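Summary of structural features
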Amino acid sequence: MTTDRRPLAVRLVGFPPEAGHALAHGLSRAPAEGPSYLCLSEDSLQDPDIYLANGTELRALAVIASLAAGDIRPALVLGATGVLLPYPNLPLPVQW
């Protein structure tokens, strides 16, 4: 049985280059029974399906906090935050 795997576009926010590459590599190895993930480049004009934000970077938290309230913009914060946000939070390092 084959299934069409629609890729989910991911926007990484506030990660240093090496961490961004590691996250993109981990997401590219997603199990075959679920969606696939494509990390958008910084200059991509495509809207992401989900944001992954660095919870230790205040600028990244400001970016996701500024998303329009009426828009559906799912986000996941990775790492500790000192700010209460309406997004789920996972600790770093990521447990694949």
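Below or above, wherever it landed, is the structure these notes cover. Keep in mind that this is a model prediction, so the values were computed, not measured.

**Re the pairing of strand 1 (residues 7-13)**
Here four bridges tie strand 1 to strand 2 (residues 36-39), and the two strands are oriented parallel to one another. Directly across from Leu 8, in strand 2, lies its bridge partner Tyr 37. Following the chain from strand 1 across helix 1 (residues 17-28) to the adjacent parallel strand 2, one finds a crossover that is right-handed. Inspection of the sheet shows strand 1 paired to strand 3 (residues 50-54) by four bridges, in the parallel sense. Of the residues in strand 3, the one forming a bridge with Arg 11 is Tyr 51.

**Looking at the sheet that holds strand 4 (residues 75-78)**
In sheet architecture, strand pairing relies on hydrogen bonds along the backbone and comes in two forms, parallel and antiparallel. If you trace the five strands from one edge of the open sheet to the other, you get 2-1-3-4-5, paired in parallel fashion. Edge strands, defined here as strands with exactly one partner in the open sheet, are strand 2 and strand 5 (89-90). Both strand 3 and strand 4 contribute to a ladder of four bridges, which runs parallel. Residue Ala 53 lies in a different strand from strand 4, and its bridge partner there is Val 77. The strands touched by helix 2 (residues 58-65) are strand 1, strand 3 and strand 4; relative to strand 3, the strand with the most contacts, the crossing angle is about 150°.

Cut-offs and rules
- Chains are numbered independently. Their residues run from 1 in the order of the written sequence.
- Reporting of local features is limited, given that this is a predicted model, to residues whose pLDDT is at least 70; pairs of side-chain atoms are given and counted only at 80 or more, and all residues count toward the totals for whole chains, interfaces and linings.
- Excluded from the side-chain calculation are hydrogens and water; included are all heavy atoms of the structure.
- Being paired, for any two strands, means DSSP has found at least two bridges between them.
- Strands here are runs of E lasting at least two residues and helices are runs of H or I lasting at least four, both read from the DSSP assignment and numbered beginning at the N terminus.
- Handedness is read with the strands pointing away from the viewer; a crossover is right-handed when the path from the first strand over the helix to the second is clockwise.
- Note on contacts: a residue pair is in contact if any heavy atoms of the two residues lie within 4.5 Å.
- In this description, a line fitted to the C-alpha atoms serves as the axis of each element, helices being fitted only across the stretch in contact, and the angle between N-to-C directions of two axes falls anywhere from 0 to 180 degrees.

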